[in-house]
Amino acid sequence: MLFSFNGLAAPALTGTSSNMSFQVDLIASNLQIPWGMTFISPQKLLITQRHGKAVIVDTTDSSITQVNGLPEVDAKGQGGLLDVAVEPAYKAPDGWLYFTYSKAVNDRAVTVLARSRLTENTLTHWQELLVSDSASSTYRHFGSRIAFDLQGHLFFSIGDRGERPNGQDLTTHAGSILRLNLDGAVPPDNPFVGHPTALPEIWSYGHRNPQGLAYDTTTQQLWTIEHGPRGGDEINLIEKGKNYGWPITSHGKEYWGPISVGESTEKEGIESPKKVYIPSIAPGSLILYTGNAFPNWQGDLFAGALKLQHINRTTPDSKGNIIAEERLVSELNQRIRALIQSPEGWIYFSTDDGNLYRLSPLDEQ
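Rules used in this analysis
- Residues numbered from 1 in each chain as written.
- Predicted model: local features only at pLDDT ≥ 70, side-chain atom pairs only at ≥ 80, totals over all residues.
- Heavy atoms only, no water.
- Phe/Tyr/Trp six-rings, centres within 6.5 Å; stacked < 30°, edge-to-face > 60°.
- Helix = DSSP H or I, 4+ residues; strand = E, 2+ residues; numbered from the N terminus.
- Buried < 20%, exposed > 50% of the residue type's maximum accessible area, 1.4 Å probe, protein only.
- Lys NZ or Arg CZ within 6 Å of the ring centre and 35° of its normal.
- Core = buried A, V, L, I, M, F, W, Y, C linked by side-chain atoms within 4.5 Å.
- Pairing = 2+ DSSP bridges.
- Axes fitted to C-alpha atoms, helices over the stretch in contact; angles between N-to-C directions.
- Polar contact = N/O pair within 3.5 Å; in protein donor to acceptor, adjacent residues only side chain to side chain.

A description of the packing of aromatic side chains should follow, citing residues and the corresponding values.
Applying the stated rule across the entire model yields 15 aromatic pairs. Look at F22 and W297: their rings are 6.3 Å apart centre to centre, the planes differ by 55°, and that puts the pair in the tilted class. Note that F22 is positioned in strand β3 (residues 20–28) and W297 in the loop between β20 (287–288) and β21 (301–305), a separation of 275 residues in sequence. Note on accessibility: F22 and W297 belong to one class, buried. With a centroid separation of 6.0 Å and 70° between ring planes, the pair formed by F192 and Y205 is classed as edge-to-face. Of the two residues, F192 sits in the loop between β14 (176–181) and β15 (202–205) while Y205 sits in strand β15, which places them 13 residues apart along the sequence. Classification of Y205 by relative accessible area gives buried; the value is 15%. Clustering of aromatic rings is evident, with ring pairs tying together F22, Y289, F294, W297 and F302. Above the ring of W96, the side-chain terminus of R117 is found at 4.0 Å from the ring centroid. The ring of Y277 has K275 lying over it, and the distance from NZ or CZ to the ring centre is 4.9 Å.

Talk me through the nonpolar core; I want residue IDs and the actual numbers.
Counting 35 residues, the largest nonpolar core has W297, V329, F349, L356 and L359 as the members making the most contacts within it. Of all the secondary structure elements, the ones that give two or more residues to this core are β3, β4 (34–41), β5 (44–49), β6 (54–58), β24 (336–341), β25 (347–351) and β26 (356–361). For this core, the element with the highest residue contribution is β3, accounting for five residues. Judged by nonpolar contacts, the second largest core, of 19 residues, contains W96, I146, F148 and F156.

Report on the pairing of β14, specifying residues and quantitative values.
For β14, the tally of buried residues reaches five of six residues, placing the bulk of the element in the interior. Pairing of strand β13 (residues 153–158) with β14 involves six bridges; the strand directions are antiparallel. Each residue of the ladder has a partner; that of L154, found in β14, is L180. Pairing analysis gives three bridges linking β14 to β15, with the strands arranged antiparallel. Residue S176 lies in a different strand from β15, and its bridge partner there is Y205.

Please set out the sheet that holds strand β17 (residues 221–226) residue by residue, giving values where relevant.
Read from one edge to the other, the open sheet built from four strands follows the order β16-β17-β18-β19, with strand pairing classed as antiparallel. Two strands lie at the open edges of the sheet, namely β16 (210–216) and β19 (275–277), each paired on one side alone. Each strand of the sheet is rotated relative to its neighbour by a mean of 15°, with strand direction disregarded. Where strand β18 (residues 233–238) and β19 come together, three bridges link them in antiparallel fashion. Residue pairing for β19: I235 is matched across the bridge by K275.

Help me get a handle on the side chain of S132, residues and values and all.
Note on placement: S132 falls in the loop between β11 (122–131) and β12 (146–148). Residue classification places S132 among the buried positions, given a relative accessible area of 4%. Engagement of the side chain of S132 in a polar contact is seen with the backbone oxygen of T111, the distance being 2.5 Å.

So this is what it looks like as structure tokens:
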């Protein structure tokens, strides 16, 4: 991988990966922790900002429009206005946009899934689909990414909310990946439907803080990338009803000392990660690349890295094992939060510095 760095001129970077040359251009700036984003038209991105506001960025002229009609969110710590995603085959003004955010309930914060419609720059028909049972006095580990399977379901993640036992407690939504119908109803084939001591929305459990979620419609596989403790971030291939170990198994250490977290790194009856990051990269998002702009990347996973400040590219084989890793755009020296693939197959990404960038084939612009 070769780079030349030109500061924040256009392009901000150029580079080569897998025999393909690319450039990175700065599209917009002065955003406030742009946490999630989704295309509402081929040239317009709706971007959530963690403090509770959202904007629409026109990628052709970099203009920014404020979005009206958002609910009040509990924007403290790691909480706030979080992910946004359009339903499959979205078309305004009748299509649904799905949001996750933190909400105050009885002086504690929970993760909420809601949906709304967009007319010009105003959200209407707001519906709370699930006010999750995930209350905690901490403002950590909200999880909150959304993914669709194109079969009438959505998945979204909730972290353990800073309370480790939640990962193994099926009576709380915390520490789980949830699966719902698009209208918020529980699918009857969810693994814990009818279970007397489990919530029916749960699809998998034993998660610490999954902040990246991607569904492969070709293989019908659900991927997640999640924060471990100090060392031990994980990529997991999610299967129905399975236990992913937290906090019983972990590859990480305690923050206060070199003591392993959990009983072991692996245990019978617990699914092992497909990849472990030591040291932690602090993942902020995940997409599965399917575009034609970079054909050698097709089928690869791309994650934003917060702590180690890069785009993390990994390659799964046909069995879901991660066989290669590459780190891109680290020269920007910015915490990379969200990623999205454009209709052209370009990759847009946001940073906690408030910037929006576009990664595209070199000289295609």
